[in-house]
Structure formats: structure tokens, C-alpha cells
Amino acid sequence: MNTALITGITGQDGSYLSEFLLAKGYDVHGIIRRSSVDYRERIAHLEGRPNFHLHYADMSDSMSLVKLVGKVQPTEIYNLAAQSHVQVSFDSPEFTADVDAVGVLRILEAVRTNHLEKTCKIYQASTSELYGKVEEVPQSETTPFHPYSPYAVAKLYGYWIIKEYREAYNMFCCSGILFNHESERRGETFVTRKITLAAARIAQGKQEKLYLGNLSSLRDWGYAKDYVECMWLILQQDKPEDFVIATGVQHSVREFAYHAFKAAGIELKFEGEGINEKGICVNGPANLVGKTLVEVSEDFYRPTDVVNLLGDPTKARQTLGWNPNKTTFEQLVAIMVKHDMEKVAAEHVASVMRTNLAEYLEKGVVK
Ligand code: NAP
Ligand code: G4F
């Protein structure tokens, strides 16, 4: 049986990858960190399965990683753990470097310390943020890197240390240079999920306005569920290589917002420029027509922002046989908005039920 160890198993990608590998018959092990609230929303439905195992460890704790790799004896490691928020990396640059850069080295050394370098393949979650202040469009495996945030600089170390161990020790370790991939499980402070949740809340009268940063930023957005297949495919190749994983289609944050609000039944028209740009409702529920629903706030501007990401997935298509356009941009937006419309509606029902229950308890109707 193949044994996979996933770092970052509680994250968006870790949860989809777990489902993917379990369906392939893998024994799946994952690293979790102690937290004051032990609710692991994205993987709760997998806990208790016989082939699914969770272990406490931390990317900043070499000893925990060495012991765990020795105990699990993985045939494949998927290193997805990271402080993955670009804006947060400006506030916590040292923590980001420790986990996202040195953490990769710790995994590689844990494999070597346990003498597994000939039997254990390693996937590293690399990123299109490496291209940063882009030197060409679209970006491929040969495009020069120009990292443009503490996060990207840390990830660049991860990329190079993987390449170094491949060349120095003949290890099967590869980087997937993944462009942005989103889903209904995306963290709520990344721009797509922030928009789909706000569109759902505004449509259901639970929020008045959405504040965003750079609306003109361009991204190549794919569906996370499609991307985890590539992580696996990269490790099934005969020789270790790095791959760009992207859709080859680009949209702005403004366009994402337009489509998300449209899917929630609200048509927006954008007027003005820069900090003064606004998204006004021109069609939709009568109480919203004419209202400004989207505004720009400097709070969401970054000291340096990556503004033109577009990937060239030719190598992944040709070598891995992967279809970069399985889920279109429009389908991705629709999946996320449908999910968030239901989530917001369910939260409303739950809150009404809680209020009613409190009232019934007080009146002695229920005990
Ligand atoms: P995510 O949802 O933010 O998940 C990050 C995971 O890393 C979580 O499980 C988190 O655990 C874990 N983690 C953070 N610090 C840790 C530490 N010190 N020790 C152990 N675990 C730690 O990220 P994602 O979107 O799934 O992305 C997965 C990976 O791909 C990341 O490395 C990210 O940088 C990279 N990437 C993502 C994208 C994208 O568009 N999603 C694109 C390119 C590359 P907690 O739940 O305990 O916080
Ligand atoms: O959704 P974002 O925060 O994602 P970003 O910075 O592209 O990073 C994500 O993708 C990377 C792959 O390229 C991953 F490596 C990384 O781990 C992460 O998953 O921001 C996207 C764009 C940025 O240009 C940002 O300035 O949207 C712009 N933006 C505009 N308003 C905003 C907002 N971003 C956020 N988070 N919040 C806003 O209100």
C-alpha cells in the first residue's frame, strides 16, 4: 500500500488531496498543530476512517518532523503546510520564512535522517508568486523569478532547496508551481472567497458593503479540486521535474466581483478609478438598486503587489496529460457562490432556531 504524509492537511488543498488519495487506496497521514479550538472543518468528514491518520507536529519543529517521518515511513510526502497569505507575510515575515522556507529544508532532512531518500518522493507546494513583478506574460517553467513579498521570497528558498537536494542527493523531489486555485473551502480572507461570501451576505441582507484593495490585479484562477490531481501526477512521473499548473485564462479582481455578484442575483456597474472606484447595483433586488455595494479601501493594498499572473500550462498538459480547463472560470464562480448562498441561509436558520430555543426555554415550553 502507498503511504502518503501530507503537511497542511487541514488546509484547502490538504483536504482535497486527502480525499483524492484515499479514493486511490492510499494510507493517508497528516500533520496537525495544537490549537485552542480543535475543530478541523475541512477534514472533519474524513476523521475516523481506517486509512486516515492525524499526528501532532509542526513545520517549525525539526524533531517532531524527524520522529514522524520515521514512524510513518511515507512513500510520498506532499509538503503543503505554509503561512500562505501574502498580505500576512508583510506582518509576520520571520514566521513566514521559518515555516515556508526552512520548513521545506526540515522535511528534506527528516527524509534523509531516516534514510528514506531512495524510497520517498516529495512534492513541494510552490507558487506563481515566484514570478512576482513579472518579467514575461504568460509565465512558464522557464520564466525568470522576481519574488515580490516576504511570502514569495520564502517560497523561492523552498523551490531552490528542493532542486538542490534533487541534484545533490538524487532525491525524487519536485515543485508544482501552482497558480491561484480556489474553491468553496478557500480561506475566507483570500480575495475570491471574501467576495463570494460578501455577495451571498449582501444578497440576503446580512451585510451592507464589501471593501476590497486593488481591483485591477489580474489572476489565473483555477479550481483547487482539479489541481490536487496534478500534485499526484507529478510524483507518478519517471523522473522528478517541476511543473507550472494553471488554466491559461486571466481575469481581474473586478471581473471576479462582477461575476460573483451576478451569480448572487445582483448586477454591478463599476465607476471611478483607484481608491475612488465603486461597484454600484444597477439590477437586482429593489432595495439594493442604486446602492454602492463595493468600495476600495487602502487597508487591503500591499506594500508591493503582484498584478499580472497568467500561467502557461503546456508542459502539464503534454507531459502529465492534465486538462487545465476542466472547470471554467464561470463554473468556479458559480460553485463558490452557490455554496456561500447556502451557507449564509443555513447560518440564518440556525440563528433563528437558537433564538426560538432560548425563548422556549425561558417560557418553559421546552426543558
Ligand atoms: P491553506 O488553506 O492556508 O493551508 C495551509 C496549511 O498549512 C494549513 O493546514 C495550516 O494548518 C498549515 N500550517 C501552517 N503553518 C504550519 C506549521 N507551522 N506547521 C504545520 N502546519 C502548518 O493553504 P492552501 O491554499 O491549501 O495552499 C496549500 C499550499 O500551496 C501552501 O503551501 C500554499 O502556500 C501553496 N499554494 C497555494 C496556492 C493557492 O492558490 N491556494 C497557490 C500556490 C501555492 P492550520 O490549519 O493549523 O493553520
Ligand atoms: O486572494 P489573494 O490574497 O491571493 P494571492 O495574493 O494571489 O495569493 C494566493 O495565491 C498565490 C498563488 O499565486 C499563493 F501562493 C498564495 O499562497 C495565495 O494562495 O489576492 C489576490 C489579488 C492580490 O493582487 C490582492 O492585492 O487580489 C488583490 N486583492 C484586492 N482586494 C485582495 C483584496 N486580496 C485580498 N486577500 N483581500 C482583498 O480585499
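The structure under discussion appears in the preceding block.
Quantities reported herein were computed from a predicted structural model and do not represent experimental measurements.

1. A short note on the pairing of strand β6 (residues 173-178)
No. 1: Buried residues dominate β6, accounting for 6 of its 6 residues.
No. 2: Residues of β6 alternate between two faces, with Cys173, Ser175 and Ile177 on one and Cys174, Gly176 and Leu178 on the opposite face, all of them buried.
No. 3: As judged from the 6 bridges shared by strand β5 (residues 121-127) and β6, these two strands associate in the parallel manner. Looking across to β6, one finds that Gln124 is bridged to Ser175.
No. 4: Each parallel crossover has a hand, and the one from β5 via helix α5 (residues 150-169) to β6 is right-handed.

2. Comments concerning the site of ligand 1
No. 1: Close to ligand 1 lie 24 residues; Thr10, Arg33, Ser84, Tyr151 and Lys155 are nearest.
No. 2: Within the side chain of Lys155, an N or O atom sits 2.8 Å from an oxygen atom of ligand 1.
No. 3: A distance of 3.1 Å is found between a nitrogen atom of ligand 1 and a side-chain nitrogen or oxygen belonging to Arg186.
No. 4: Starting from 910 Å² of accessible surface for ligand 1 in isolation, the protein chains cover 87%.
No. 5: Secondary-structure elements contributing two or more residues to the shell around ligand 1 are α1 (12-23), β5 and α5.

3. What about the sheet that holds strand β8 (residues 210-212)?
No. 1: Sheet architecture is open: 4 strands sit in the order β8-β15-β14-β13, paired in mixed fashion. In this open sheet, the two edge strands, each paired with only one partner strand, are β8 and β13 (267-271). Between one strand axis and the next, the sheet turns through 25° on average, direction left out of account.
No. 2: Taken together, the 3 bridges between strand β14 (residues 278-283) and strand β15 (residues 292-296) define a ladder with antiparallel strand orientation. Among the inter-strand pairings, Gly279 is bridged to a residue of β15, identified as Val294.
No. 3: Along the sheet, helix α6 (residues 191-203) makes contact with β8 and β15, crossing β8 at roughly 160°.

4. What about the packing of helix α8 (residues 253-263) against helix α10 (residues 329-363)?
Helix-helix packing: each pair is described by the crossing angle between the helix axes and the interaxial distance.
No. 1: Packing of α8 against α10 leaves a shortest axis separation of 9 Å and a crossing angle of 50°. As the angle between them shows, α8 and α10 are arranged oblique. In this structure, α8 meets α10 at a crossing whose hand is right-handed. Counting all contacts with α8, which are made through Phe256, His259, Ala260 and Ala263, the residues of α10 involved are Phe329, Val333, Met336 and Val337.
No. 2: Of the residues belonging to the contact of α8 with α10, the class tally is 7 nonpolar, 1 polar and no charged.

Rules used in this analysis
- Residues numbered from 1 in each chain as written.
- Chains lettered and ligands numbered in written order.
- Predicted model: local features only at pLDDT ≥ 70, side-chain atom pairs only at ≥ 80, totals over all residues.
- Heavy atoms only, no water.
- Buried < 20%, exposed > 50% of the residue type's maximum accessible area, 1.4 Å probe, protein only.
- Helix = DSSP H or I, 4+ residues; strand = E, 2+ residues; numbered from the N terminus.
- Pairing = 2+ DSSP bridges.
- Right-handed = clockwise from strand over helix to strand, strands pointing away.
- Near = heavy atom within 4 Å.
- Polar contact = N/O pair within 3.5 Å; in protein donor to acceptor, adjacent residues only side chain to side chain.
- Areas by Shrake-Rupley, 256 points an atom, 1.4 Å probe, with all protein chains shown as cover.
- Axes fitted to C-alpha atoms, helices over the stretch in contact; angles between N-to-C directions.
- Contact = heavy atoms within 4.5 Å.
- Parallel < 35°, antiparallel > 145°, perpendicular 65-115°, else oblique.
- Left-handed = near helix turned anticlockwise from the far one by under 90°.
- Nonpolar A, V, L, I, M, F, W, Y, C, P; charged D, E, K, R; others polar.

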